[in-house]
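Now for the letters of each chain:
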Amino acid sequence: MAKKIIQVNERPPLRQAIPLSIQHMFAMFGASVLVPSLFGINPAIVLLMNGLGTLFFIWITKGKAPAYLGSSFAFIAPALIIIQKYEEQGMDHMEAFSYAQGGFVVVGLLGCVLAFIIYKFGSRWIDIVLPPAAMGPVVALIGLELAGNAASTAGLLTTTEYTPVEGTADQFIQTITNVDMRNVIVFLVTIGVAVLGSILFRKFLAVIPILIAIICGYIAACCVGLVDFQAVNEAGIFSMPNFQIAKFNLDAVITMIPVLLVIASEHIGHQIVTSKIVGKDLLKDPGLHRSLLGDNISTAVSGLVGAVPTTTYGENIGVMAMTKVYSVWVIGGAAVLSILCSFIGKFSALIATLPGAVIGGISFLLYGMIGASGLRILVDSKVDFGKNRNITLTSVIFVVGLSGVSVTLGDVQLKGMVLACVVGMLLGILFYIFDRLHWTNDREDAEPEQEENAVPAEKQI
């Protein structure tokens, strides 16, 4: 029997909603906490603003667009450049980070301006610049390009490091770190329970296989000695997030602005794949302008008070695809739990002890779900690969996204899904211009050309 679908506006009973919300919180936690860790700031403020940002997003989209807002990875490279620049000028780390916050705020506000432009001129242009033959592979790349990250997080890859020998310029010590079999065991337990649970579990258990897999993986990690509870013992019962007001500098803002292209492409892709999952066109209702506005206001406010920028999270999209639970009440519950965690020190520290092998095991499945959703766009849209434009668009986008090539604009590097999206948009616009000029050979209204030596119909036998 097929799983019962819990639609966007449905409100599950509290006894079901709580574990469903916990499942969403665990799905986002690993990646969302990683970003503030890279910036060297307390994750508590990020958990607080992620939760508040998600609730605001739900409100501004009228509860019609299920999405969890987690920490954005798109800002990492320019933010680290800004932090390093100001530290070299003698500032302490947190003051240097405050100028990166200023960049977050400005990019968020510019995203709001983009949302207003879309509100005025509509989003029909998306079908022109990203037709299904382009959108399908772009969405698929959201999941596929993260596959390597999932494997790395799970500890399944052998790593090689080169350390320079002291006193020499061209001699290095090679250090090879082999795969720890404990990680393999925990990974297999986690993904095994998730995969088999999604097929074998019944009734309510069938909608929380991710949560059950995380619990089983965590128990396995404790058994093999991968969990360290020292941070939990040292953490206080209650804690207060560290607030810090953003500072603004023109150089820092200019360094950060190109990220707007990245987050806009990512947001559109996430909204389209979510639309396919829930069976409703979210670009029309509540509208791309609303979801983009909610996302970017959250980014601006988060940056203003000391947190990191936010984005709709692929991990949570994967949870929805797997469990068929799309309720904004469930996602709102996860946001509330995240807010509570930001004030409960020991609970935050306990969740932070989740080993990478558990997070990686879950990510393997969730990222694959997103990739499959991109292929579903091609199937549902009945893309005709007998047409040159369609096979060309899909082929070029997949190769650009998976080849590792990159383009640098200022201090921002475009690669993977974002670069593939840009290339797809340029080709989509080019093909549209060719259509308007009647140059293309596969338009719907194009008349078939007769061969010069063809026999007239009336003379054919």
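Residues numbered from 1 in each chain as written. Predicted model: local features only at pLDDT ≥ 70, side-chain atom pairs only at ≥ 80, totals over all residues. Heavy atoms only, no water.

### Digging into helix α18 (residues 388-403)
Formally: Only DSSP runs of H or I reaching four residues or more are called helices, and only runs of E reaching two or more are called strands; each is numbered from the N terminus. The span you would expect from a helix comes to 1.5 Å times its residue count less one. We call a residue buried when its accessible area falls under 20% of the maximum for its residue type, exposed when it is over 50%, and partly exposed in between, using a 1.4 Å probe and counting protein chains only. Our arc is simply the arc of the directions from the helix axis toward the C-beta atoms. We call two residues contacting when some pair of their heavy atoms lies within 4.5 Å.
A rise of 1.5 Å per residue sets the reference length of α18, with its 16 residues, at 22 Å; its end C-alpha atoms lie 22 Å apart and thus fit the reference within 8%. Listed as buried for α18 are R389, N390, L393, T394, I397, V400 and G401. Seen along its axis, α18 keeps its buried residues to an arc of 140°; they face one direction. Facing away from the buried side of α18 by over 90 degrees, the exposed positions are V399 and L402. Along its buried surface, α18 packs onto α6 (132-144), α17 (356-380) and α19 (416-436).

### Looking at helix α15 (residues 328-343)
Threshold: For the purposes of these results, a polar contact is taken to be a pair of N or O atoms within 3.5 Å, where, inside protein, one atom must be able to donate a hydrogen and its partner to accept one; residues adjacent in sequence count only when each atom of the pair is a side-chain atom.
Under the 1.5 Å per step criterion, the end-to-end length of α15 is 23 Å for 16 residues, consistent within 8% with the ideal 22 Å. Two or three places before W329, at the opening of α15, S327 has a side-chain oxygen 3.1 Å from that residue's backbone nitrogen.

### Topic: the packing of α6 against helix α12 (residues 259-278)
Rules: To obtain each axis, a line is fitted to C-alpha atoms, and for helices this fit is confined to the stretch in contact; angles are then taken between N-to-C directions over 0 to 180 degrees. The labels follow the angle: roughly parallel below 35 degrees, roughly antiparallel above 145, roughly perpendicular from 65 to 115, and oblique for the rest. Side-chain classes are defined by residue name, with Ala, Val, Leu, Ile, Met, Phe, Trp, Tyr, Cys and Pro counting as nonpolar, Asp, Glu, Lys and Arg as charged, and the others, Gly among them, as polar.
One can describe the packing of α6 onto α12 by two numbers: an axis separation of 10 Å at closest approach and a directional angle of 100°. Comparing their axes, α12 and α6 come out roughly perpendicular. Listed contacts from α12 to M135, V139 and I142 of α6 are I268, G269, H270, I272 and V273. In the contact of α6 with α12, the residues fall into 6 nonpolar, 2 polar and no charged.

### Description of unusual backbone geometry
Residue P286 is reached from D285 by a cis peptide bond, and omega for that bond is 15°. By the element assignment, P286 lies in helix α13 (residues 283-305). Positive phi, close to 60°, is recorded for K62, a residue that is not glycine. One non-glycine residue, K324, adopts positive backbone phi at about 60°. Overall, K324 belongs to the partly exposed group, its relative accessible area being 31%.

### Quick notes on the confidence of the model for the protein
The following threshold applies: Along the chain, pLDDT gives the predictor's confidence residue by residue, from 0 to 100.
Of the residues in the protein, 90% have a pLDDT of 70 or more, and the chain-wide mean is 82. Every residue in residues 450-455 scores below 50 in pLDDT, and together they form 1 contact with partners more than four places removed in sequence or on other chains. In this model residues 457-461 is a low-confidence stretch, pLDDT under 50, and it forms 1 contact with partners more than four residues away in sequence or in other chains.

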